[in-house]
Amino acid sequence: MPFDFKKEYKEFYLPPKKPTLVTVPPMNYIAVRGEGDPNEADGAYKQAIALLYGIAFTIKMSKTGSRQIEGYFDYIVPPLEGFWYQDGMDGINYAHKEAFRWISLIRLPDFVTNADFEWAVAEAARKKKADFSKAEFLTYDEGLCVQCMHIGSYDDEPATVALMDEFIRAKGYQNDITENRFHHEIYLSDARRVAPEKLKTVIRHPIR
């Protein structure tokens, strides 16, 4: 059976529907940075997702080609994730999506080195005849966070965030969203196929 990050690391991908504390270790990602409304048709965000999956599946399917990656094991491509922020704000203002700045992400298995990543970028560009140069190999140490499973529309996230804020105050912590620590979302549902009220999204905030 392919390795499934969601099942093997439930503490990071399947939190309860109430806020909990979690310490997230350093992880490696495919990352694409951008800005603007994620709902814009054929906009920068949609293009970024295409780049992420192009590279992710190039690495996953490397076992069938000439590149034999040391330590490779079969796995399910982890879910899409995103760091979100807006300049000059501690949190997120959902009423102004045009002001979003974001880093879209897909986690990489630990066996993928920077050299393997660079090969995958070049291979994806060759096969798809497209520019993948915006993608980067990102190592991120998220540290101590509060997280919660949000069920419902992305626009309804403020209610879940309010529960998280109440939880961290009760526990004696503070939000620590900065220019280097972000509002983090992990998308467990495909928004193209799942009704908005049934979407499952992990929301994670850094704290101190």
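Just above sits the structure.
Residues numbered from 1 in each chain as written. Predicted model: local features only at pLDDT ≥ 70, side-chain atom pairs only at ≥ 80, totals over all residues. Heavy atoms only, no water.

Draft legend 1. Representation of the side chain of S104 in the model. Relative to the assigned elements, S104 resides in strand β4 (residues 101–107). You can call S104 buried: its relative accessible area is 0%. Apart from residues lying up to four places away in sequence, S104 is in contact with I30, A31, V32, Y45, L52, E81 and G82. (Helix = DSSP H or I, 4+ residues; strand = E, 2+ residues; numbered from the N terminus. Buried < 20%, exposed > 50% of the residue type's maximum accessible area, 1.4 Å probe, protein only. Contact = heavy atoms within 4.5 Å.)

Draft legend 2. Representation of the environment of N28 in the model. Here N28 shows up in strand β2 (residues 27–35). Residues N28 and D141 lie 113 residues apart in sequence; the distance between their C-alpha atoms is 9.0 Å. Here the side chain of N28 touches T139 through a polar contact of 2.6 Å, side chain to side chain. (Polar contact = N/O pair within 3.5 Å; in protein donor to acceptor, adjacent residues only side chain to side chain.)

Draft legend 3. Structural view of the sheet that holds strand β3 (residues 80–85). Overall, antiparallel pairing links the 8 strands, which are arranged β1-β6-β8-β7-β3-β4-β2-β5 in an open sheet. Two strands lie at the open edges of the sheet, namely β1 (20–24) and β5 (136–140), each paired on one side alone. Direction aside, neighbouring strands of the sheet carry axes that sit 35° apart on average. With 4 bridges joining them, β3 and strand β7 (residues 183–187) adopt antiparallel strand pairing. Within the sheet, the bridge partner assigned to G82 lies in β7 and is E185. (Pairing = 2+ DSSP bridges. Axes fitted to C-alpha atoms, helices over the stretch in contact; angles between N-to-C directions.)

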